[in-house]
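Fold and contact review
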Amino acid sequence: MDVIVIGGGIGGIATAYQLYAAGHRVCVIERHATVAQGATYGHGGPILPSPLDVWFGPTFMGARSAAKTGIVFRPGFDSAARDFAKKLARLREPDAFTAQYARLRPLVELSRRVIDEIEATFGLDCEQRRGVLHVFRRPRELELAAPAIELLRRFEVPHHVLSAAECAAAEPSVPDDPPFAGGVMLDDERTANCPLFTKQLKQILEDRGVQFRLGREVASLHLDDRGAAVDLMPVAGVHYDRVTADAIVVAAGIGTPALVSRVNGKLPLHPLRLHSLTAPIAYEEHAPHITIVDSIKRIAMTRVNQRLRVAGAGVLQSEAKTLKPLPAALADRVFALLGQGTHDWVPGAAKVSAARTWEGLRLLSPDGLPVVGATGHARLFVNAAHGPAGWGLACGSAKVIADLVSGLTPDIPADTLAALRIDRF
Ligand SMILES: Cc1cc2nc3c(=O)[nH]c(=O)nc-3n(C[C@H](O)[C@H](O)[C@H](O)COP(=O)(O)OP(=O)(O)OC[C@H]3O[C@@H](n4cnc5c(N)ncnc54)[C@H](O)[C@@H]3O)c2cc1C
C-alpha cells in the first residue's frame with residue numbers, strides 16, 4: 001500500500017520505519033525543514049516509562065503548588081483545563097493507577113523489543129546509558145510511590161529501593177545532606193538521545209527509498225472509499241499540491257487533533273508546555289553517571305557527553321494560553337524550577353547560568369494513555385498523545401499501527417488496544 005505519514009517527530013519516523021519494514025511505500029510529510037524539531041527535540045532522556053515515570057498516579061501533581069509538584073498549574077477561569085486536571089487526578093487513587101499502568105505495560109514491553117531490534121539491526125549509537133535513579137525528598141513521598149514500586153515487582157522490573165546513604169553511594173553526585181527519604185534504582189532502564197535516534201532512523205529510511213516532503217505543512221485530509229489524499233499548504237511557486245495514497249497515519253504531535261477532528265470530532269486532549277535546559281558540565285567529579293529523576297517533580301537530569309540535560313517543569317493552563325509563548329516572568333519561574341532541581345540533586349554538576357533553554361508542547365490525554373490505532377475512517381490511523389514520557393512508547397505504537405494498516409492483529413492484549421483507541425473517551 002501507499003501510506004502517508006504526517007509528522008517527522010519520533011512518532012512519525014518510527015511509524016514510517018515499521019510501515020517500510022512491512023513492505024509499504026511510505027511518504028513522510030513534515031512542516032519543518034528537518035525532522036525531530038517538535039517535542040522530540042526536547043526529550044529529557046529516559047526511553048520508556050516505568051510506573052514511576054508516567055505523568056499520572058499517586059505521586060503526580062498531588063498539590064497545586066509548583067514548588068511541591070514541579071508543575072505550574074494556572075487554569076484561570078478555564079473550565080476545560082480544570083476538568084482535564086480533575087480527570088487526571090482520579091488516577092491518583094492507587095487502584096485506578098495500578099489498573100491503568102497495567103493496561104499500558106504491554107505497550108512498554110512491545111516498545112522495548114522494537115527499540116532493541118532497531119538498535120541491533122542498524123548498530124545505532126545514540127548516546128545510550130543504563131541506570132535511572134528516582135529520588136524522594138520526604139518519607140511521605142516515598143510512601144506515595146508504594147503502588148508504583150509494587151508494580152515494579154509485579155512486572156519484574158529490576159529495581160532496588162535504597163536509603164539516602166545507598167543512593168549517595170550508588171551515585172556520588174547526589175548529596176546526602178540535607179537529608180532525604182531515599183530512592184529507587186532502576187538498574188536496566190535506559191536513556192538515549194531521542195532526536196539523534198530519530199535523525200539516524202530518518203537517514204536509514206531515506207537511503208531505502210522512503211520519500212520525505214520536508215518544509216511542507218498538511219492543510220487538509222481527504223478520505224473516501226477509493227483512496228486517501230492530503231492537500232499541502234501552498235509554498236513559493238507551488239499553489240496546489242495534493243499527495244495521494246491508500247491510507248494516512250497522523251503522527252503530528254500537537255497538530256494531531258486539528259487533523260483528525262473532521263473524522264473523530266473534538267478530542268479531549270490537552271496541550272502541556274514542557275521545558276528543558278542543557279548546561280555544560282561544571283565539575284567532572286560532581287557530574288552524575290546515571291540519570292537522576294526528582295520523582296515527585298518529574299524533573300529528569302541526564303548526562304549527555306559534556307552536557308547535563310534537565311527536563312520537566314510542565315505548565316498546565318488553558319489551551320489558548322498554552323499555544324502562546326509564556327510571559328517572561330512565568331518562563332523565568334519554570335526555568336528556575338529546573339535550576340533548583342539541579343541544585344538540589346546534583347549540585348555543582350553543571351553551569352546552569354550558561355544553559356541553553358528550550359520549550360516544547362506535548363499532548364496529554366485525561367487518562368494518561370496515548371491515542372494509537374484506527375479511527376472513524378478505515379483509511380485513517382493515529383499515533384499521538386504519548387505525553388511527557390512518551391518517546392519510546394511512540395516506537396511500539398508504530399508497530400501497532402503498521403500491523404493494523406497491514407490487516408494484522410497487533411501483538412498486544414485486546415484490553416490494551418481498547419485502552420489506546422481514539423473513541424475511548
Ligand atoms: C521538554 C520535554 C522533555 C521530554 N522528556 C522526555 C523523556 O525524558 N522521555 C520520554 O519518553 N519522553 C519525553 N518527552 C516526550 C517526548 O519527547 C514525546 O512523547 C515524543 O517526542 C512525541 O513525539 P511525536 O512525534 O508524537 O511529536 P513531535 O515530536 O511533536 O512531532 C510531531 C511533528 O509533526 C509535525 N506536524 C504537526 N502538524 C503538521 C502538519 N499539519 N503538517 C506537517 N507536519 C506537521 C510537527 O512539526 C512535528 O515535527 C519530552 C518532551 C518534552 C517537550
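In the annotation of an unreviewed UniProt entry, the entry for the protein reads D-amino-acid dehydrogenase, and the organism field reads Caballeronia telluris. Per UniProt, the comment on the protein under Sequence similarities (unreviewed entry) is "Belongs to the DadA oxidoreductase family."

Turning next to the sheet that holds strand S9 (residues 228-232). Taken together, three strands build an open sheet; the order of strands is S8-S9-S10 and the sheet is antiparallel. Each edge of the open sheet carries a strand with a single partner, namely strand S8 (218-223) and strand S10 (242-245). Between one strand and the next, the sheet's axes are offset by a mean angle of 20°, whatever the strand orientation. Relative to S9, S8 runs antiparallel, the two being bridged by five bridges. Residue pairing in the sheet places Leu223 in a bridge with Ala228 of S9.

On to the pattern of salt bridges. Oppositely charged side chains can form a pair if their charged atoms are brought close together. Enumeration over the complete set of coordinates arrives at 22 salt bridges. Residue Arg105 is joined to Glu109 by a salt bridge in which the shortest nitrogen-to-oxygen separation is 3.1 Å. Taken together, the residues span about one helical turn, with Arg105 and Glu109 both in helix H4 (residues 94-122) at a distance of four residues. According to the relative accessible area criterion, Glu109 is partly exposed, its value standing at 32%. For Asp224, the salt bridge identified is with Arg226, shortest N-O distance 3.4 Å.

Taken together, Arg74, Lys321, Lys324 and Arg333 make up a surface patch of like positive charges. Among the structural elements, Lys321 can be located in helix H10 (residues 319-322).

Within this structure, the stated rule accounts for seven aromatic pairs. Taken together, a centroid distance of 5.9 Å and an interplanar angle of 80° make the contact between Tyr17 and Phe122 edge-to-face. Of this pair, Tyr17 sits in helix H1 (residues 10-21) while Phe122 is found in helix H4, placing the two residues 105 residues apart along the sequence. Sitting over the ring of Trp345, Arg137 keeps its end group 4.3 Å from the ring centre. Here the basic side chain of Lys202 rests over the ring of Phe212, its NZ or CZ set 5.2 Å away from the ring centre.

Attention now moves to unusual backbone geometry. A cis amide bond links Asp177 to the next residue, Pro178, at an omega of 5°. Considering the arrangement of structural elements, one finds Pro178 in the loop between helix H7 (164-170) and strand S6 (182-191). Unusually for a residue other than glycine, Glu156 sits at a positive phi of about 55°. The topology assignment puts Glu156 in the loop between helix H6 (146-154) and strand S5 (160-162). Exposure remark for Glu156: the relative accessible area of 69% places this residue in the exposed category.

The next point concerns the state of the cysteines. Per the stated rule, a full pass over the model turns up zero disulfides. Free cysteine Cys126: the closest other cysteine sulfur is in Cys194, separated by 8.9 Å.

Turning our attention to the UniProt feature "domain: FAD dependent oxidoreductase" (unreviewed entry) in the protein. UniProt annotation of "domain: FAD dependent oxidoreductase" (unreviewed entry) refers to residues 2-404 when read in the numbering used here. The span residues 2-404 carries 34% helix and 27% strand; its end-to-end C-alpha distance comes to 14 Å.

Definitions and limits used
- Residues numbered from 1 in each chain as written.
- Predicted model: local features only at pLDDT ≥ 70, side-chain atom pairs only at ≥ 80, totals over all residues.
- Heavy atoms only, no water.
- UniProt positions renumbered as here; feature names shortened; annotations may be inferred.
- Pairing = 2+ DSSP bridges.
- Helix = DSSP H or I, 4+ residues; strand = E, 2+ residues; numbered from the N terminus.
- Axes fitted to C-alpha atoms, helices over the stretch in contact; angles between N-to-C directions.
- Salt bridge = Lys/Arg side-chain N within 4 Å of Asp/Glu carboxyl O.
- Buried < 20%, exposed > 50% of the residue type's maximum accessible area, 1.4 Å probe, protein only.
- Patch = residues over 30% accessible without salt bridge, like charges linked within 9 Å, V, L, I, M, F, W, Y side chains within 5 Å.
- Areas by Shrake-Rupley, 256 points an atom, 1.4 Å probe, with all protein chains shown as cover.
- Lys, Arg positive; Asp, Glu negative; His and termini not counted.
- Charge placed at Lys NZ, Arg CZ, Asp CG, Glu CD.
- Phe/Tyr/Trp six-rings, centres within 6.5 Å; stacked < 30°, edge-to-face > 60°.
- Lys NZ or Arg CZ within 6 Å of the ring centre and 35° of its normal.
- Disulfide = S-S within 2.5 Å.

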